[in-house]
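# Coordinate analysis (summary)
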Amino acid sequence: MGESAQWSRVDDGRHTLDLLTASYRQHRFARHSHATYAIGVVTRGEEQFRYRGELLRSGVGSLAILEPDEPHDGMAAQPQGWAYRVLYPSEALLFDGRTERAGFREPIVTDPRSVHLIRAAHEELTAGRDPLAAHSRLVWAFEAVIQRHGALREPRGGMRASDAAAARKVAEIRDRLLADLRCAPSLRELAEGVALSPYHMLRLFRDATGFPPHAWLVLERVCHARHLLAAGRPPADVAGAVGFADQAHLTRWFKRVTGVTPAAFRNSVQDAQPRTGVRSGA
């Protein structure tokens, strides 16, 4: 089994859905998180990853469901590596038309029906031959996953004043980091901006996001780079626009997080553009 990865994107002007089709042997994903869900099926071999304090394995016949903003990594569990298909739906897309949101307690489940539906939807979407059929499969697949493995989230009680204050400080730090991706503030500037010591600011931010500010910012830079590359911007321009030192710096981090180089991602998404048009509404 060699190494290959192909990204596709479906965008109807309302929801954007990224899809990954890949096989890996030596590649190891850096610890990262997604703004979206990640729902994947292994088609060959076995993958392992750290998630919520556990080392988990996902093989053929299992379904992996990772929630947004949950740190994780990824690597081969066996020398022969693994191949998989992954969908990255936003919460709005996954729960489209629902008034209630579900959580997923188990990140790995064995469920042949859901595996079949997710894989079939992924194959239809990436093939791009029949948007109506692909959309139908996607709706059925997401509904099956939610019905069979989702659990209604516990209603949130009143937030304590201390928790609310901490959340506001984390939001302020995030906003400061995102204000200009090309020019990161200093550690002391971040801490002074929320009236904390550098140590307490670091601990507060890490406890809330799973990452220290510098690592979180790198992941945000990669996320913004993906959008610019998908729009057709060349990697050399994108590197400077999102704050990487140069194209080589962007390439190192981009591949560690997405599994492909910026150029490969740009080319694969651009090649898939004529295939877009799957309607997202139910």
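Residues numbered from 1 in each chain as written. Predicted model: local features only at pLDDT ≥ 70, side-chain atom pairs only at ≥ 80, totals over all residues. Heavy atoms only, no water.

Right, let's talk about the overall build of the protein chain for a bit. Across its full length, the protein chain holds ten helices and eleven strands. Expected size for 282 residues packed as a compact globule is a radius of gyration near 19 Å; at 19 Å, the protein chain falls within 12% of this value. Dimensions of the protein chain, computed from C-alpha atoms along their principal axes, come out at roughly 55 × 45 × 40 Å. Counting only residues that meet the buried cut, the protein chain has 45% of its 282 residues in that class. Of the charged side chains in the protein chain, 38 are positive and 32 negative; the average position of the first set lies 3 Å away from that of the second. (Helix = DSSP H or I, 4+ residues; strand = E, 2+ residues; numbered from the N terminus. Rg over C-alpha atoms; globule rule 2.2 N^0.38 Å. Buried < 20%, exposed > 50% of the residue type's maximum accessible area, 1.4 Å probe, protein only. Lys, Arg positive; Asp, Glu negative; His and termini not counted. Charge placed at Lys NZ, Arg CZ, Asp CG, Glu CD.)

Take the environment of Ser-114 next. By the secondary structure assignment, Ser-114 is in helix H2 (residues 112-127). Counting along the chain gives 59 residues from Ser-114 to Ile-173, while the straight-line C-alpha distance between them is 39 Å.

With that out of the way, let us pick up helix H4 (residues 161-178). Note that an α-helix has 3.6 residues per turn; residues three or four places apart therefore point the same way. If you check H4, its first and last C-alpha atoms are 26 Å apart, about what 18 residues at 1.5 Å a residue would give, namely 26 Å. Along H4, the residues classified as buried are Ala-164, Val-170, Ile-173 and Leu-177. Tucked into the core, H4 has its buried residues touching helix H5 (187-193), helix H6 (198-209) and helix H7 (213-230). (Expected span 1.5 Å × (residues − 1). Contact = heavy atoms within 4.5 Å.)

The subject of this paragraph is the pattern of salt bridges. Scanning all chains against the criterion turns up 13 salt bridges. Arg-226 is paired through a salt bridge with Asp-18; the nearest N and O atoms lie 2.6 Å apart. One end of the pair, Arg-226, is in helix H7; the other, Asp-18, is in strand S2 (residues 16-24), and 208 residues separate them in sequence. The same class applies to Arg-226 as to Asp-18, namely buried. Arg-182 is the partner of Asp-180 in a salt bridge, and the nearest nitrogen-oxygen pair spans 3.2 Å. A single salt-bridge network, built from bridges that share partners, covers Arg-9, Asp-18 and Arg-226. (Salt bridge = Lys/Arg side-chain N within 4 Å of Asp/Glu carboxyl O.)

For helix H8 (residues 235-242), every residue scored as buried is listed here: Pro-235, Val-238, Ala-239 and Val-242. An end-on view of H8 places all buried positions within 105° of arc, on one side of the element. Residue Gly-243 follows H8 closely and has a positive phi angle near 100°. (Arc of directions from axis to C-beta.)

Take Glu-47: it is sitting in strand S4 (residues 38-51). For the buried residue Glu-47, which engages in no salt bridge, the nearest side chain bearing the opposite charge is Arg-50, 10 Å off. Residue contacts for Glu-47: discarding those within four places in its chain leaves Leu-56, Arg-57, Ser-58, Gly-74, Met-75, Ala-77, Trp-82 and Tyr-84.

Another point: the nonpolar core. Proteins that are soluble and globular tend to have nonpolar side chains buried together. Among the nonpolar cores identified, the biggest contains 45 residues, and Leu-20, Tyr-84, Phe-254 and Phe-265 are the most heavily contacted of them. When residues in this core are grouped by element, the largest group, eight residues, is from H7. Apart from the residues lying within four places of it in its own chain, the contact partners of Phe-265 are Trp-7, Arg-226, Leu-229, Ala-230, Phe-254 and Val-260. Grouped together as the second largest cluster of nonpolar side chains are 27 residues, Leu-17, Val-41, Ala-141 and Val-145 included. (Core = buried A, V, L, I, M, F, W, Y, C linked by side-chain atoms within 4.5 Å.)

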